[in-house]
Amino acid sequence: MPPTVEKLKKLEMDLEKEGYSLDRDLGFILQSDFFAYDATPYDVITFASAGCDGIHFGLLTDFGTVSDLEIAFVVCISPMDFGSQIKIVARNLREFISLICTLKDAASVSNFNCFNEEEEYLRLLKELKQEESENEEYAERANYVVEKIKATLDCEIIEDIYQYVERKVIPEREQQIILPTLDGIGIIAMENVNSKHTIYKLEEDININLSEVKSFFNHESTESKLAFIRDAQFTFLISNGIELKELVMNEMTKLGLNDEVDRLRNIDQIDTLESESFSTSAFLEL
């Protein structure tokens, strides 16, 4: 984890001693253990969650090309927002914390996944202000924690969230990518910028021709392969297809993406444990 996360962990311990918490007062839960869902991109390192609807946040490594996580884009993953599960919401970790301080509610960031108009952002801010005015005790506690964060990390309140997310963060990312992907993250140049790239068109519930995919992996650029992997994950074709999953894992291994392969395996293990837990609970209820 980058230094900013470590500072937040230390701050959380100090706040707990005073009877406050990033979790209870801002809904911002720092994650120490592996935390991911099927929708979590394999090249995203998760570091926090909102404690509801599976909403969590991670640092985009662009398949291992970002070595300094302090400057990695921050991604919000909201598994329940089908079709809009993923969005880049901040240019770096420090600015993401500024977003949390501005909203005073981590879960509210997930609304951005479905937003793109200024009116939507303004409506959200109005609703949050209304909630503050109706609960003074909550507002006082949240404000206290925000001031502690600002003092610890030298963060600033973001005056215009719409301008920041939609007119600064998104355009900056778009300038980097050379291939679009269904999740909106895209693929940056990995090798020769002038190489020819091909998009393998995917959508949910299609029948995958594995021989065709193998041929695609054998002949296309690294960027094209990574775009396929993003799109196949976003459409849940990987999580729902054992043979495709094995094929993708083998290809990622060839590309040296061992961390990403490990995350995919860990997501599988989490899914298996949750499935077993659900089955046991159902049996006990019977």
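Residues numbered from 1 in each chain as written. Predicted model: local features only at pLDDT ≥ 70, side-chain atom pairs only at ≥ 80, totals over all residues. Heavy atoms only, no water.

1. Examining the overall build of the chain
- When helices and strands are tallied, the chain shows 11 helices and seven strands.
- Relative to the compact-globule value of 19 Å for 286 residues, the chain shows a C-alpha radius of gyration of 20 Å, a close match.
- In terms of principal-axis extent, the alpha carbons of the chain reach across some 60 × 55 × 35 Å.
- Expressed as a percentage of its 286 residues, the buried residues of the chain come to 48%.
- Of the roughly 14600 Å² of accessible surface on the chain, a fraction of 47% belongs to carbon and sulfur atoms.
- Averaging the locations of the 27 positively and 56 negatively charged side chains of the chain gives two centres separated by 5 Å. (Helix = DSSP H or I, 4+ residues; strand = E, 2+ residues; numbered from the N terminus. Rg over C-alpha atoms; globule rule 2.2 N^0.38 Å. Buried < 20%, exposed > 50% of the residue type's maximum accessible area, 1.4 Å probe, protein only. Areas by Shrake-Rupley, 256 points an atom, 1.4 Å probe, with all protein chains shown as cover. Lys, Arg positive; Asp, Glu negative; His and termini not counted. Charge placed at Lys NZ, Arg CZ, Asp CG, Glu CD.)

2. Considerations on the UniProt feature "coiled-coil region" (unreviewed entry) in the chain
- The positions that UniProt labels "coiled-coil region" (unreviewed entry) are, in the present scheme, residues 114-141.
- Between the first and last C-alpha atoms of residues 114-141 the distance is 29 Å; the span itself is 82% helix and 0% strand. (UniProt positions renumbered as here; feature names shortened; annotations may be inferred.)

3. With respect to the sheet that holds strand β1 (residues 29-30)
- Strand order in the open sheet made by the five strands is β1-β2-β3-β4-β5, with antiparallel pairing throughout. The two strands at the open ends of the sheet, each matched to only one other strand, are β1 and β5 (86-90).
- As defined by bridge partners, strand β2 (residues 44-49) adjoins strand β3 (residues 56-60) across five bridges and the pair is classed as antiparallel. Paired with T46 across the bridge in β3 is G58. (Pairing = 2+ DSSP bridges.)

4. Observations concerning the packing of helix α1 (residues 3-18) against helix α5 (residues 136-153)
- At a minimum axis distance of 11 Å, the contact between α1 and α5 shows a crossing angle of 140 degrees. By the criterion of interaxial angle, the relationship of α1 to α5 is oblique. At the point where α1 passes α5, the crossing takes the right-handed sense. Residues T4, K7, L8, L11, L15 and E18 of α1 form the contact with α5, whose participating residues are Y144, V145, K148, I149, T152 and L153.
- Looking at the contact of α1 with α5 residue by residue, the classes come out as seven nonpolar, two polar and three charged. (Axes fitted to C-alpha atoms, helices over the stretch in contact; angles between N-to-C directions. Parallel < 35°, antiparallel > 145°, perpendicular 65-115°, else oblique. Left-handed = near helix turned anticlockwise from the far one by under 90°. Contact = heavy atoms within 4.5 Å. Nonpolar A, V, L, I, M, F, W, Y, C, P; charged D, E, K, R; others polar.)

5. Some words on the packing of helix α7 (residues 210-219) against helix α10 (residues 242-254)
- Running from amino to carboxyl end, α7 crosses α10 at an angle of 10 degrees, the nearest separation of the two axes being 11 Å. In terms of orientation, α7 lies roughly parallel with respect to α10. Residues L210, V213, K214 and F217 of α7 touch α10, and the partners they reach there are E243, L244, L247, V248 and E251.
- Residues belonging to the contact of α7 with α10 are distributed by class as follows: six nonpolar, no polar and three charged.

6. Some points on the packing of aromatic side chains
- Tallied over the entire structure, the rule returns 14 aromatic pairs.
- Centroid distance F35 to Y37: 5.9 Å. Interplanar angle 70 degrees. Geometry classified as edge-to-face.
- Overall, Y37 belongs to the partly exposed group, its relative accessible area being 31%.
- On the basis of an interplanar angle of 85 degrees and a centroid distance of 5.1 Å, the ring pair of Y200 and F228 is categorised as edge-to-face. Here Y200, found in the loop between β7 (187-188) and α7, pairs with F228, found in helix α8 (residues 222-234); they are 28 residues apart in sequence, far enough to count as distant. Accessibility assignment for this pair places Y200 and F228 in one class, buried.
- Clustering of aromatic rings is evident, with ring pairs tying together F28, F47, F57 and F96. (Phe/Tyr/Trp six-rings, centres within 6.5 Å; stacked < 30°, edge-to-face > 60°.)

7. Quick notes on the pairing of β2
- Of all six residues in β2, five are buried, a share of seventy percent or more.
- Note: β1 against β2, two bridges, orientation antiparallel. Counterpart to I29 in the pairing with β2 is S49.

8. Some points on the environment of L128
- Looking at the element boundaries, L128 is found in helix α4 (residues 118-134).
- Among the residues examined, L128 registers a relative accessible area of 10% and is labelled buried.
- Residues L128 and D160 lie 32 residues apart in sequence; the distance between their C-alpha atoms is 15 Å.
- Residues within four places of L128 in sequence aside, it is in contact with L103, D105 and S108.

9. As for the nonpolar core
- F28, F47, F57, F96, I97 and F112 are the most contacted members of the largest nonpolar core, which has 58 residues in total.
- Listed in part, the 26 residues of the second largest apolar core include L179, L226, L247 and M249. (Core = buried A, V, L, I, M, F, W, Y, C linked by side-chain atoms within 4.5 Å.)

10. What about the side chain of E260?
- Looking at the element boundaries, E260 is found in helix α11 (residues 258-285).
- With a relative accessible area of 4%, E260 lands in the buried category.
- If sequence neighbours within four positions are ignored, E260 has contacts with Y42, D43, T61, F63, G64 and M252.

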